[in-house]
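Listed here are the chains, written in short residue letters.
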Amino acid sequence: MTDLFAKSEEANFEQVQPLAARMRPASLAEFVGQQHFLGEGKLLWRLLQARRLGSVIFYGPPGVGKTTLARLLADETDSRFRQLSAVTSGVKDVRELLEQARDEVAAGGRPTLLMIDEIHRFNRAQQDALLPDVEEGIVILVGITTSNPFFAVNDALISRSRVFEFQPLSVDETKTVVRRALADKERGFGKFDATIDDDALEFLAQISDGDARRALGALEVAVLSSAPASSSGRLRLSAAAIADAVQRKAIRYDPTGDDHYDAASALIKSIRGSDPDAGLYWLARMLEGGEDVRFLARRLVI
């Protein structure tokens with residue numbers, strides 16, 4: 001009876017999940033992107049083959065598979081998966097979970113893979129609480145961050161972890177994700193008998209900027225808001241339908257962090273290199289991201 005209720009709850013949750021959540025890869029074979037460290041013969045692939053994963057920090061933009069890969073690593077290493085958010089968890093939560101992990105190992109159980117989302121938001125005391133158990137291998141730490149960990153994470157924790165930088169998905173990789181969602185009859189839209197025009201697929205892959213979550217979100221809106229052709233019953237997604245479904249993407253820009261210095265450097269180099277298009281691009285990006293106009297004025301004068 002308990003199993004019956006559990007399966008019923010799981011089915012209900014799946015029904016309300018967005019497409020991007022339903023289409024999360026169930027295995028490494030389904031994972032798209034990041035072949036520079038996950039491809040055959042690359043570092044993370046070799047670590048998994050040798051069963052010597054250790055603690056890692058995943059760093060990169062949103063929608064490129066950081067959280068998904070962390071979950072898959074738990075399966076690959078036969079570990080218990082536990083998750084904390086640095087936004088809502090404190091030192092007490094960290095220590096309780098580490099104590100549970102230590103008890104599990106002492107009892108001969110499986111190791112624990114601890115994923116900490118937004119790890120850069122942990123203060124020094126919270127990060128320091130992780131050090132002994134990370135060093136002893138009691139937990140496999142997977143820290144997730146969109147900020148440069150070499151600035152945002154303690155040196156002591158960095159020295160005990162391997163840092164993997166995630167890249168935005170390529171246009172072809174984004175197309176693969178979209179096609180898979182359209183074809184999948186259980187988790188995706190295979191039952192809709194939907195097709196997408198080549199120019200629509202190209203537009204969606206380009207406008208998503210390597211963010212699979214954004215691409216699948218737009219695809220979901222387009223499919224659910226479109227009517228099938230009356231003659232064939234098939235659903236055809238045109239470029240216009242995709243364009244209507246794509247929301248304006250918020251510009252990721254931190255006026256006080258790496259983005260500030262990188263964009264300022266790019267702006268100055270564009271102007272020095274007599275490239276007006278690039279100069280206008282970086283100026284607009286910084287303005288749209290909330291940069292101090294006085295700072296920009298000083299850069300332009302220089």
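If you're wondering where the values come from, they're calculated on a predicted model, not measured in any experiment. (Residues numbered from 1 in each chain as written. Predicted model: local features only at pLDDT ≥ 70, side-chain atom pairs only at ≥ 80, totals over all residues. Heavy atoms only, no water.)

(A) View of the pairing of strand E2 (residues 80-85). Of the pairings in the sheet, the one linking E2 to strand E3 (residues 112-117) comprises six bridges and is parallel in character. Looking at the pairing, Arg 80 lines up with Thr 112 of E3. For the crossover from E2 across helix H6 (residues 91-106) to E3, the handedness is right-handed. (Pairing = 2+ DSSP bridges. Helix = DSSP H or I, 4+ residues; strand = E, 2+ residues; numbered from the N terminus. Right-handed = clockwise from strand over helix to strand, strands pointing away.)

(B) Representation of the nonpolar core in the model. Counting 48 residues, the largest nonpolar core has Leu 44, Phe 58, Leu 69 and Leu 219 as its most contacted members. No other element matches the seven residues that helix H13 (residues 212-224) contributes to this core. In contact with Phe 58, not counting residues within four places along its chain, are Lys 66, Leu 69, Ala 70, Leu 73, Val 142, Gly 143, Ile 144, Thr 145, Phe 164 and Phe 166. Among the nonpolar cores identified, the runner-up in size contains 21 residues, and Ile 119, Ala 129, Ile 138 and Val 153 belong to it. (Core = buried A, V, L, I, M, F, W, Y, C linked by side-chain atoms within 4.5 Å. Buried < 20%, exposed > 50% of the residue type's maximum accessible area, 1.4 Å probe, protein only. Contact = heavy atoms within 4.5 Å.)

(C) The arrangement of helix H16 (residues 276-288) in detail. With 13 residues, H16 extends 18 Å from end C-alpha to end C-alpha; this agrees with the ideal 18 Å at 1.5 Å per step. Within the span of H16, buried status applies to Ala 278, Gly 279 and Met 286. The buried side chains of H16 occupy one side of the element, clustering within an arc of 105° when seen end-on. Counted as exposed and oriented over 90 degrees from the buried face of H16: Pro 276, Asp 277 and Leu 280. At the C-terminal side of H16, Gly 290 shows a positive phi close to 95°. (Expected span 1.5 Å × (residues − 1). Arc of directions from axis to C-beta.)

(D) A look at helix H12 (residues 198-207). If you check which residues of H12 are buried, you get Ala 200, Leu 201, Leu 204 and Ala 205. All buried residues of H12 fall inside an arc of 130° around its axis, so they share one side. Here the buried face of H12 lies against helix H11 (171-183), strand E6 (194-196), H13, strand E7 (235-237) and helix H14 (239-245). A positive phi of about 55° marks Asp 209, the residue just after H12.

(E) View of the confidence of the model for the chain. Considering every residue of the chain, the mean pLDDT works out to 86; 90% of them sit at 70 or more. Within the chain, helix H1 (residues 2-16) has the poorest average pLDDT of any element, 56, and H11 the best, 94. (pLDDT = per-residue confidence, 0-100.)

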